[in-house]
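What follows is each chain in one-letter form.
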Amino acid sequence: MKITIASLCISLLASSVNCVPVSSPIRVPVVANGHVNHAGHLLHIRTKYTKRAIEGAVPVINFDHHDMAYLGSVQVGTPPVDMAVVLDTGSSDFWVASTDCPSCDNGHRSLFHPSNSSTFEKDGRSWNITYASNATTEGYVGYDTVHLAGKQIKRQLVEVATKVTPEYDQVPSLAGVLGLGFDHLASVANMSTPMTSLITQKLIPKPLFGVLLGKNGKDGEFVFGGFDRQHIDGPLTRVPVNNTIGYWQVTANKMQVNGQDVVGSTDIVFDTGAANLLCPSALATSLAKIYNATASQAGYYTADCDTSHLPPLHIQLGGTNFEIPGESMVLGRLDPTNNASLCMSAIAAMDLPFMVAGATFMKNNYIVFDPLVPQVHIARAK
């Protein structure tokens, strides 16, 4: 089902804790690079060298500050290589760009060099992923040491890319995807996601992770092993998860605008790798009428950039209403080089039996993911 960053205007189709002080000076080598990608560079520096207020936290950079794609950092191999990846609750594969992949080398992204890692073990199996946007990636399977949120995961299954299609260059520093869905969703049999490995190797205090996606260009944060209460406004609501397929799928009691039920309301899948609300056709048609959106191509909708008159969308989950403000129902301008009034709507239509709730929902609401129950806890974000 994954929607990749290849359709970047749409999507990519990731308790109480202690402070971690920095105890010694840090030397940062400076190398001239005419092809530097500033978002990727900032992510690398911030993740490695800033003081983390929350143990288990992984900062995510709001790429281009458009609330479209969020990149976090993971380190792969020995010595570790920093990789800017999408922490993606809508998939379960963990793949990284490599030096064995000529099409991966765009001069901006980090590349994992398996033969340079003393802990890499080749598995022998191959893999291939085709996303809904028709972007594809393929390669071979291996195992290596992975560092995530400051924790060292041993013998993590890693899908080493040998080919990617050009769509991935829309986010030049993107070096892979770290899936945070359920294990059985992965394209490789008997795979444990890095989150599963953190739990089974007893590397985190609680089998949870909390997600804050930044809003209006702000960055966000994933916390592995707990969540950050300072980003939660009000009580958390428990919502059971149906993980039959492998997604974080929940039942929406109802959707309303101005107190009126929205026709076509459906189940919801939470997907940090998506930007929009990807809806079944009937629901997309209903929402488009309410929000004055016009069908464009490939299921996309456009809308006027003026959001001052748009009402909020309320989605009831676990008996609690969660809000998507009217301003979040419209994304960036189709042509950011001028002041044209036409924008990309947050609404998109796809042939799915559920709605995929990406950053449009999640930048307004904090979610704690609990894979062992399974369930999520949701509250308004602040």
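Fair warning: this is a prediction, and the values are worked out from it, not measured in the lab. (Residues numbered from 1 in each chain as written. Predicted model: local features only at pLDDT ≥ 70, side-chain atom pairs only at ≥ 80, totals over all residues. Heavy atoms only, no water.)

1. Section: the overall build of the chain
Counting its secondary structure elements, the chain contains four helices and 25 strands. Considering the chain as a whole, with its 382 residues, one finds that 56% of them fall into the buried category. Here the chain displays about 15,800 Å² of accessible surface, and carbon together with sulfur accounts for 50% of that area. (Helix = DSSP H or I, 4+ residues; strand = E, 2+ residues; numbered from the N terminus. Buried < 20%, exposed > 50% of the residue type's maximum accessible area, 1.4 Å probe, protein only. Areas by Shrake-Rupley, 256 points an atom, 1.4 Å probe, with all protein chains shown as cover.)

2. Focus on unusual backbone geometry
Looking along the chain, the bond that leaves T78 and enters P79 is cis, with omega of 5°. Here P79 lies in the loop between β2 (70-76) and β3 (81-88). The linkage connecting V373 with the following residue, P374, adopts the cis geometry, with an omega of -5°. You will see that N190, though not glycine, has its phi angle at about 60°, which is positive. Mapped onto the elements, N190 comes out in the loop between β8 (176-179) and α2 (194-200). Here N216, not a glycine, exhibits a phi torsion of approximately 55°, which is positive. Structurally, N216 is set in the loop between β9 (209-212) and β10 (220-224). Given a relative accessible area of 59%, N216 falls into the exposed group.

3. With respect to the packing of aromatic side chains
Summed over all chains, the structure comprises eleven aromatic pairs. Centroid distance F112 to F120: 5.9 Å. Interplanar angle 65°. Geometry classified as edge-to-face. Each member of the pair F112 and F120 is classed as buried. On the numbers, 5.7 Å between centres and 70° between planes, the contact of Y247 with F354 is edge-to-face. Of this pair, Y247 sits in the loop between β11 (232-240) and β12 (249-250) while F354 sits in the loop between β22 (342-349) and β23 (355-357), placing them 107 residues apart in sequence. Taken together through their ring pairs, the aromatic side chains of F182, F209, F222, F224, W248 and F369 make up a single cluster. (Phe/Tyr/Trp six-rings, centres within 6.5 Å; stacked < 30°, edge-to-face > 60°.)

4. Focus on the nonpolar core
Counting 98 residues, the largest nonpolar core has F224, F270, L313, L317 and F361 as its most contacted members. If one sorts the elements of this core by residue count, strand β7 (residues 151-164) sits on top with six residues. When residues no more than four places from it in sequence are discounted, the contact partners of L313 are M255, Q256, V257, V262, L277, L287, Y291, F322, E323, I324 and M329. Core analysis: the next-biggest nonpolar cluster, separate from the first, contains eleven residues, I54, L208, L212 and Y366 among them. (Core = buried A, V, L, I, M, F, W, Y, C linked by side-chain atoms within 4.5 Å. Contact = heavy atoms within 4.5 Å.)

5. Focus: the environment of A252
Among the secondary structure elements, A252 is positioned in strand β13 (residues 252-257). By relative accessible area, which is 11% here, A252 ends up buried. A252 sits 14 residues away from T266 along the chain, and the two C-alpha atoms are 6.3 Å apart. Excluding residues within four positions of it along the chain, A252 makes contact with T266, D267, I268, I315, Q316 and L317.

6. Quick notes on the side chain of N365
Locating N365 in the fold gives a position in strand β24 (residues 365-370). Only 3.4 Å separates the side chain of N365 from the backbone oxygen of E323, close enough to count as a polar contact. Within the structure, N365 has its side chain in polar contact with the backbone oxygen of F361 (distance 3.2 Å). In this structure N365 touches F322, E323, I378, A379, R380 and A381, once residues within four positions along its chain are discounted. (Polar contact = N/O pair within 3.5 Å; in protein donor to acceptor, adjacent residues only side chain to side chain.)

7. Some points on the pairing of strand β1 (residues 57-62)
Extensive coverage of β1 is indicated by the burial of six of its six residues. The alternating pattern of β1 places A57, P59 and I61 on one face and V58, V60 and N62 on the opposite face, and all of these are buried. For β1 and β10, the ladder comprises four bridges, and the chain directions are antiparallel. Paired with A57 across the two strands is V223, which belongs to β10. (Pairing = 2+ DSSP bridges.)

8. Quick word on the state of the cysteines
Taken as a whole and judged by the stated rule, the model has two disulfides. Between the sulfur of C101 and that of C104 lies a disulfide, 2.1 Å long from S to S. When the S-S torsion is 80°, as for the bridge of C101 with C104, the disulfide is right-handed. Comparing C101 with C104, the two get one shared label, buried. Here C305 pairs with C343 through a disulfide, and the sulfurs are 2.0 Å apart. Disulfide C305-C343: the torsion about the S-S bond is 105°, which places it as right-handed. Taken together, the residues span a long stretch of sequence, with C305 in the loop between β18 (300-304) and β19 (313-317) and C343 in strand β22 at a distance of 38 residues. (Disulfide = S-S within 2.5 Å.)

9. Focus: empty space enclosed by the protein
In this structure, the largest cavity encloses a volume near 40 Å³. Split into classes, the residues belonging to the lining of the largest cavity amount to seven nonpolar, one polar and one charged. (1 Å grid on protein atoms, 1.4 Å probe; cavity = no way out; pocket = protein on both sides within 12 Å on 5 of 7 lines; lining within 4 Å. Points joined across faces, edges and corners; volume = space filled by probe spheres on them. Nonpolar A, V, L, I, M, F, W, Y, C, P; charged D, E, K, R; others polar.)

10. Section: the sheet that holds strand β14 (residues 260-261)
In spatial order, the strands read β14-β13-β19-β20; together these four strands make up an open sheet with antiparallel pairing. If you trace the sheet from one side to the other, it starts and ends with β14 and β20 (320-324), each paired once. Alignment of β13 against β19, held across four bridges, turns out to be antiparallel. Along β19, the bridge assignment pairs M255 with I315.

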